[in-house]
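Secondary and tertiary structure notes
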Amino acid sequence: MFVEICLPIHSYQVFTYSVPEKYQSQIKCGVSVFVQFGNRQLQGHIITIIDKPSFKGEILEISAVADSAYSIPADLWSSIQFASRYYLSPIGKTARAAIPINMFKCYEPEKETYVRITSKGKDAIDTLSDRAHKQRQALLYYRELKTDQKIDIITKKIGINKSIIKKLSDKQFLEVYSKHPVSENKNESNTIILSQDQQQIFNNIRSSDKKSSHLIHGVPGSGKTEIYIKLVGDALDSGKGAIVLVPEISLTSQIVDRFIMIFGDFVGLWHSRLTDKERGLLWHEIQSGLKKIVIGPRSAIFAPIKDLGIIVIDEEQESSYKQEETEPRYHARDIALVRAQSAQCRTILLSATPSIESIYNSKNSKLVRHVLSTKYIESEFPHTELIDIGKPNSRQILSPRLISAIDRALDANEQVIILQNRRGYSIIEKCTKCKHVSECSNCAVTLTRHKTTNKLMCHYCDYSIDLCYQCNKCGGDLEYLGHGTENIEAMVKRLFPNSRVLRMDTDTTKGKNTHKKIIDSFSGGGSDILIGTQMVAKGLDFSNVTVVGVINADHGLHIPDFRSSEKIFHLIYQVIGRAGRRKKKGTAIIQTYNTQDKNLVAAAQMRDKDFYNRILDERKQYLYPPYVKIARVVILGKNQSTVQKHAHRIYKMLANYSELVILGPSSAPIQRIRLMYRYHILIKTKSKKPFTIQNILYKSLSDTYLDQRNNNFIKVQIDIDPMSML
């Protein structure tokens, strides 16, 4: 028996190994094995099983088969193979990204110490002397218990120390033993009461084909979450598992807390900040059936849930579901749809502002769309105002209207959310004399001032320098322009000195569980005003928030990206929905330099139908998704002229294909990142044939450019269905 194996290296090749007879019964596609590769022992996965190898050289045997506890469900392996082919990522790297566990180690849950009374102990209760009243108290306590209990509980509940337990154990009155903790699993989803509209959607989805895909399109506060919790509970009742995707770690704490309250220890949290040990333990718990529901950001789509019954993608429109920095550059929503087909389970997409692609797919019957147009709890939609901050001589960052609204909310003991989608204190450091602007030495971007660290920082490569007080070019005075979340926080504290203010952005949430601490504090009334970047704008549910303020709604609206208007519409519409989520009337103050902008007006007036129709018309006219498939090829290198030369060479290699429309090559909007110059080419195709772009790119570029170790000192990145053009 021979197998072809993928290894976690940057190579599109597979490698042939023979299988010793002792391992042959364990061999199937997707199984992880250890092999000798050069002078290294590597761990890979079996791609195919073959009888006769095509490789004519020396064929080595596999060294070992990995622990069966780390076997991969068939639907997951099928999804990994699809991701490799669709996103043009080497299968070994794709598998390693999907399964980032150090399988050389075997992680198992730690055992805990339990105690139970013996029959000898029950008989001894009445024979103990008065001097042994603590021992009698312990025995009486354990006699009344119906289940075994952890040793730590009795020491806290009745004040018995462990030395008493040891004496009783020595006398064989108590039995002390260790075991893995027992999960407190439950399913209380039936306690959720749905409205008539929600119940209708729940019934329609429940009675639909088990492989169907659905879009729940509901206004903010309409109760989309309640529907999918009930659907997850229904899957559990059928003996199935569930994956629930959320776009940001910041959104997981509220969802996880609610799921644990309803489903207990069935729930596991999967995200990139887990340690190897934590991820290994979670993998073990999923494989053993202790965890049947996995919640997390995009990487959770690769959780090894067996017998999947449902996949949920909350806030499906969010671009954070797309991995952009490293291979594979996958979109978790699209992998979810593929995995659900393989697992023969339902997919549920949810959003108040669905992506253009999902609206298009619902119009073409690829998704079944369910609309919720009223709020779950009776309340009015927020009153929204667009405030012009572009008037002459207007230098106020917080407009009088916004200040007044905040003031009234604080007087009424209500809470406020302020959105400023730029972190740091000031965006630009500029010399008043020579007009020099401080830029990153590695990237073609300006440095942002961070007052808490007294540094200028690059948000792309983390390069930083200490603040100066004179221009290092001419010695002139410096001024700081633009306002990040740090600056807004300082202003708010000056304007409202008696208010309690929290800030949530990348800088304040670097530590473990810091997202949860901030959200729990604000939700529990521990602060009055929450200031943050886009992580405060979506999916969060705070009952006492009545005012939302947006400092500058124009940020990101005019960047060279065909999705910019869609992203801004989503952001503004979503943040408006954080206000007035219960019976209190909400107010949203949106500050902008252009109160007539069609995207902002549509978001402020919640006219999503008008917005979608207009954007679909524009995309169709100018040939952009969802009417065409696109890919972005980014060419990087340390020498600008070399990068430019190879970008034009790649263009010529692709230009003769009639199926393609090619834009570029041109310098990327951010011309240099981490000392690497960047050129890009945008490729479009109207072809309905699957993998048209992928097949052409692989055929044209695989020999010269797709191997990372090419001799041109050039790196080529391929991004299929890109979410950013920067």
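Everything here concerns the structure above.
Anyway, here's the lowdown on the structure attached to this text. (Residues numbered from 1 in each chain as written. Predicted model: local features only at pLDDT ≥ 70, side-chain atom pairs only at ≥ 80, totals over all residues. Heavy atoms only, no water.)

1. Here we look at the overall build of the chain
As a reminder of what qualifies: In this text, helices come from DSSP runs of H or I with a minimum length of four residues, and strands from runs of E with a minimum of two, each type numbered from the N-terminal end. We compute the radius of gyration over the C-alpha atoms and compare it with the globule rule, which gives 2.2 Å times the number of residues raised to the power 0.38. For each residue, the accessible area found with a 1.4 Å probe, counting protein chains only, is set against the maximum for its type, and the residue is called buried under 20%, exposed over 50%, and partly exposed in between. Contacts: residue pairs with any heavy atoms within 4.5 Å of one another. Residue exposure ignores everything except the shown protein chains as possible cover, and the areas themselves are Shrake-Rupley values with a 1.4 Å probe. Counting rule applied: Lys, Arg positive; Asp, Glu negative; His and chain ends not counted. By convention, charge coordinates are those of NZ in Lys, CZ in Arg, CG in Asp, or CD in Glu.
Helices and strands together make up the secondary structure of the chain, namely 20 helices and 30 strands. In summary, the chain has a C-alpha radius of gyration of 29 Å against a globular reference of 27 Å for 726 residues, a match within 12%. Here the C-alpha coordinates of the chain stretch approximately 95 × 80 × 60 Å along the principal axes. Counting every position in the chain, which comprises 726 residues, the buried fraction comes to 54%. Here the analysis covers contacts within the chain between residues at least 6 apart in sequence; of these, 75% occur between residues at least 24 apart. Counting every atom, the chain has about 33400 Å² of accessible surface; 47% of that belongs to carbon and sulfur. Taken together, the 102 basic and 74 acidic charged side chains of the chain have centroids lying 2 Å from each other.

2. Describing the sheet that holds strand β5 (residues 64–65)
To keep it simple, the criterion reads: Whether two strands pair comes down to DSSP finding at least two bridges between them.
One open sheet holds the five strands; their spatial order is β2-β1-β4-β3-β5, and the pairing between them is antiparallel. Strands with a single pairing partner mark the edges of an open sheet, and in this sheet they are β2 (15–18) and β5. Direction of pairing for strand β1 (residues 2–6) relative to strand β4 (residues 40–50): antiparallel, over a ladder of five bridges. Within β4, the residue paired with F2 across the bridge is I50.

3. Let's talk about the side chain of S399
Inspection of the secondary structure assignment puts S399 in the loop between β16 (383–388) and α13 (400–411). Beyond its immediate sequence surroundings of up to four residues, S399 is in contact with I387, I589 and Q591.

4. Re the pairing of strand β14 (residues 346–351)
As a reminder, the rule being used: Crossovers are marked right-handed if the path from the first strand over the helix to the second runs clockwise, as seen with the strands pointing away from the viewer.
Counted residue by residue, β14 has six buried out of six residues, so it is predominantly covered. Of the two faces of β14, the one carrying R346, I348 and L350 and the one carrying T347, L349 and S351 are both buried. Relative to β14, strand β9 (residues 213–218) is paired through five bridges, and the arrangement is parallel. By the bridge assignment for β14, L215 is matched with L349. Taken together, the four bridges between strand β13 (residues 308–313) and β14 define a ladder with parallel strand orientation. Paired with I311 across the bridge in β14 is T347. This β-α-β element, β13 to helix α11 (residues 332–343) to β14, shows right-handed connectivity.

5. What about the pattern of salt bridges?
Rule in force here: By definition, a salt bridge exists where a carboxyl oxygen of Asp or Glu is found within 4 Å of a side-chain nitrogen of Lys or Arg.
The final tally for this structure, using the stated rule, is 24 salt bridges. Residue D257 is joined to K516 by a salt bridge in which the shortest nitrogen-to-oxygen separation is 2.8 Å. Taken together, the residues span a long stretch of sequence, with D257 in helix α9 (residues 249–263) and K516 in helix α15 (residues 514–523) at a distance of 259 residues. Through salt bridges with shared partners, one network takes in E489, K493, R503 and D505.

6. Some words on unusual backbone geometry
The linkage connecting E327 with the following residue, P328, adopts the cis geometry, with an omega of -10 degrees. Considering the arrangement of structural elements, one finds P328 in the loop between β13 and α11. Here P625 and P626 are connected by a cis peptide whose omega angle stands at 15 degrees. Residue placement: P626 occurs in the loop between α18 (608–622) and β27 (629–637). In the Ramachandran plot, D462 falls in the positive-phi region, its phi being about 70 degrees despite a non-glycine side chain. Of note in the backbone geometry, F691 takes a positive phi value of approximately 65 degrees without being a glycine. Take F691: it is sitting in the loop between β29 (676–685) and α20 (692–701). Relative accessible area serves as the criterion here: at 16%, F691 is assigned to the buried category.

7. What to know about α13
What counts, and what does not: Expected span of a helix, by definition, is 1.5 Å for each gap between consecutive residues, and there is one gap fewer than residues.
The end-to-end C-alpha distance of α13, which contains twelve residues, comes to 16 Å, matching closely the 16 Å that a straight helix rising 1.5 Å per residue would cover. Looking at the buried side of α13, the elements it contacts are β17 (415–419), β24 (529–532), β25 (545–550) and β26 (587–592). Of the residues one or two after α13, N413 is the one with positive phi, at around 60 degrees.

8. A word on the sheet that holds strand β11 (residues 267–269)
Where we set the bar: Axis definition: a line fitted to C-alpha atoms, limited for helices to the stretch in contact. Angles are taken between N-to-C directions and run from 0 to 180 degrees.
Across the sheet, which stays open at both edges, the seven strands sit in the order β11-β12-β10-β13-β14-β9-β15 with parallel pairing between neighbours. Every interior strand has two partners, whereas the edge strands, β11 and β15 (368–372), have only one. Each adjacent strand pair in this sheet contributes to an overall mean axis angle of 15 degrees, direction not counted. Most of the contacts of α11 go to β13, to which it runs at about 165 degrees, and overall it touches β9, β10 (241–245), β13 and β14.

Any link to function would need more than the numbers given here.
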